[in-house]
Amino acid sequence: MSAMDSARPTHRVLALVGPTAAGKSALALMAAQRLGAEIVAVDAFTVYRGMDIGTAKASSRERAVVPHHLVDVLEPSQECSVSWFQQAARAAIAGILERDGLPLLVGGSGLYFRAVVDRLEFPPTDPVVRAEVTERLGSDAVRAHAALVDRDPEAAAVMDPTNLRRTIRALEVIELTGRPFSDWRRAWDDFIPIYPNLFVVGVQVPRARLVARIEARVDAMISRGLAEECAVLRLRELSRTARQAIGYAEMFAHLEGRLSQADAVERIKVRTRRFAARQARWFAADPRVRWRAPSDVLEVLALR
């Protein structure tokens, strides 16, 4: 049974979204206890074992109180692609619904959230085909864009003609699938979830307060031993996704002698602030999100 098949109209699926450091995890834990829900973490990094402090992952005690899905399911050496996450999260939600449970999706990744709840498709990739397209067109962005105009004028019309990498990607997809690249984008313009009874609440925190929370959160991570956690991780094989995670990339640079600890901490804070701003913009574009102050979130979710 697919995730879509198991999502009958009577099934509720709740979601709590918003920028990092807004307090989603604590609110979700309280809401799940009150509602008898199971948490599905919509996050690209809490999936990794051993990446605990820098991801603000739910503790083992918290996970003993409320079931958490998609936490500690991959080794840091494994890639966490959006398409993999889409399948894994939908399978977790389907399992909860089949038990007549209540899924509570919690996270700040707008891309991963939409991948799970919407009818998005992610085209395949093939380095051999990409290399063939690149060899055929060379490094001439104008020529590549002209080829895309011929194959898929709709995609070409909205693509920067100087963006050679993106143009090559579009032509690769056309070669691989036989479908216009623009076909894969249309679902992004709709906000029609695969779960008929999806209810989404966004945690709204004033910008100044959120910045202060980010500063305090990063400082707390350092105090809890982020550097020590990274020292252990860097001895292991790491995927590109894991190595580039906020907090980890900067601390790896410090441990390798490329940054002082003070500079690493400052970069983590800056990068987290920018990430939070992007998250807020992403979710602001989603008309399904009902924004509420933290003090109102539990009541709104409970009434749904």
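Reading the values: the criteria
Residues numbered from 1 in each chain as written. Predicted model: local features only at pLDDT ≥ 70, side-chain atom pairs only at ≥ 80, totals over all residues. Heavy atoms only, no water. 1 Å grid on protein atoms, 1.4 Å probe; cavity = no way out; pocket = protein on both sides within 12 Å on 5 of 7 lines; lining within 4 Å. Points joined across faces, edges and corners; volume = space filled by probe spheres on them. Nonpolar A, V, L, I, M, F, W, Y, C, P; charged D, E, K, R; others polar. Salt bridge = Lys/Arg side-chain N within 4 Å of Asp/Glu carboxyl O. Helix = DSSP H or I, 4+ residues; strand = E, 2+ residues; numbered from the N terminus. Buried < 20%, exposed > 50% of the residue type's maximum accessible area, 1.4 Å probe, protein only. Core = buried A, V, L, I, M, F, W, Y, C linked by side-chain atoms within 4.5 Å. Contact = heavy atoms within 4.5 Å. Pairing = 2+ DSSP bridges. Axes fitted to C-alpha atoms, helices over the stretch in contact; angles between N-to-C directions. Phe/Tyr/Trp six-rings, centres within 6.5 Å; stacked < 30°, edge-to-face > 60°. Lys NZ or Arg CZ within 6 Å of the ring centre and 35° of its normal. Patch = residues over 30% accessible without salt bridge, like charges linked within 9 Å, V, L, I, M, F, W, Y side chains within 5 Å. Areas by Shrake-Rupley, 256 points an atom, 1.4 Å probe, with all protein chains shown as cover. Lys, Arg positive; Asp, Glu negative; His and termini not counted. Charge placed at Lys NZ, Arg CZ, Asp CG, Glu CD. Polar contact = N/O pair within 3.5 Å; in protein donor to acceptor, adjacent residues only side chain to side chain. Right-handed = clockwise from strand over helix to strand, strands pointing away.

> If you had to explain the layout of surface pockets to someone new, which residues and values would you point to?
Roughly 200 Å³ of internal volume is contained in the second largest pocket. Considering the residues around the second largest pocket, the lining is formed by Glu154, Ala155, Val158, Met159, Asp160, Arg166, Phe181, Ser182, Arg185, Arg186 and Asp189. Taken together, the residues of the lining of the second largest pocket break down into four nonpolar, one polar and six charged.

> Run through the pattern of salt bridges, naming residues and quoting values.
Tallied over the entire structure, the rule returns 20 salt bridges. For the salt bridge of Arg130 with Glu172, the shortest nitrogen-to-oxygen distance reads 3.2 Å. Pair noted here: Arg130 is in helix H6 (residues 127-137) and Glu172 is in helix H9 (residues 164-177), with a separation of 42 residues, a long-range link. Accessibility expressed as a relative area gives 33% for Arg130, which makes it partly exposed. Relative accessible area serves as the criterion here: at 0%, Glu172 is assigned to the buried category. Put simply, Arg179 and Asp183 hold a salt bridge, and the shortest N to O gap is 3.9 Å. Take Arg179: its relative accessible area is 26%, and that puts it in the partly exposed class. Overlapping salt bridges, with partners in common, bring together Asp52, Lys57, Arg63 and Asp72 in one network.

> Please give an account of the nonpolar core that cites residues and values.
If you look at the biggest cluster of nonpolar residues, it comprises 72 residues, and the most contacted ones within it are Leu16, Phe85, Leu104, Leu105 and Phe113. Looking at which element gives the most residues to this core, the answer is helix H4 (residues 82-98), with seven residues. In this view, Leu104 contacts Leu14, Ala15, Leu16, Ala28, Ala31, Ala32, Ala37, Glu38, Ile39 and Val40; residues no more than four positions away in its chain are not counted. Membership of the second largest hydrophobic core comes to 15 residues, among which are Val129, Leu148, Leu171 and Phe181.

> Quick rundown of the sheet that holds strand S3 (residues 68-69)? Include the residues and the values.
Strand order in the open sheet made by the six strands is S3-S2-S4-S1-S5-S6, with parallel pairing throughout. If you trace the sheet from one side to the other, it starts and ends with S3 and strand S6 (289-292), each paired once. Where strand S2 (residues 37-41) meets S3, two bridges bridge the pair, whose relative direction is parallel. Within S3, the position partnered with Val40 by the bridge is His69. Sheet contacts for helix H2 (residues 24-35): strand S1 (12-17), S2, S3, strand S4 (102-107) and strand S5 (197-203); angle to S4, the most-contacted strand, approximately 175°.

> So what's going on with the packing of aromatic side chains? Which residues, and what values?
Tallied over the entire structure, the rule returns six aromatic pairs. Between Trp188 and Trp282 the ring centres are 6.3 Å apart and the planes differ by 80°, which places this aromatic pair in the edge-to-face class. Here the residue Trp188 occupies a position in the loop between H9 and S5, and Trp282 occupies one in helix H14 (residues 261-284), the gap between them amounting to 94 residues. Among the residues examined, Trp282 registers a relative accessible area of 36% and is labelled partly exposed. Chaining the aromatic ring pairs together yields one cluster made of Trp84, Phe85 and Tyr112. The residue whose ring lies beneath Arg114 is Phe191, and the NZ or CZ to ring-centre distance is 4.1 Å.

> Now, about a positive patch on the surface: what can you tell me, with residues and values included?
Positive charge collects at one region of the surface, where Arg207, Arg274, Arg278 and Arg281 lie side by side. Counting residues per element, the positive patch draws most heavily on H14, which supplies three residues. Position of Arg281 among the secondary structure elements: in helix H14.

> I'd love a proper account of the side chain of Arg288, names of residues and values included.
Position of Arg288 among the secondary structure elements: in the loop between H14 and S6. Arg288 gets classed as buried once you look at its relative accessible area, which sits at 13%. A polar atom in the side chain of Arg288 sits 3.5 Å from the backbone oxygen of Phe191. Ignoring sequence-local partners within four residues, the contact set of Arg288 consists of Phe113, Arg114, Val117, Asp118, Phe191, Ile192, Pro193, Leu198 and Val200.

> Hey, could you go over the pairing of S2 for me, with residue numbers and the actual values?
Here S2 lies mainly inside the structure; five of its five residues are buried. Alternating positions in S2 separate into two faces, Ala37, Ile39 and Ala41 on one and Glu38 and Val40 on the other, with burial throughout. As judged from the five bridges shared by S2 and S4, these two strands associate in the parallel manner. What sits directly across from Val40, in S4, is Leu105. Between the parallel pair S2 and S3, the chain is carried across by helix H3 (residues 60-65), and the sense of this crossover is right-handed.

Treat this as a map of the structure, not an account of what it does.
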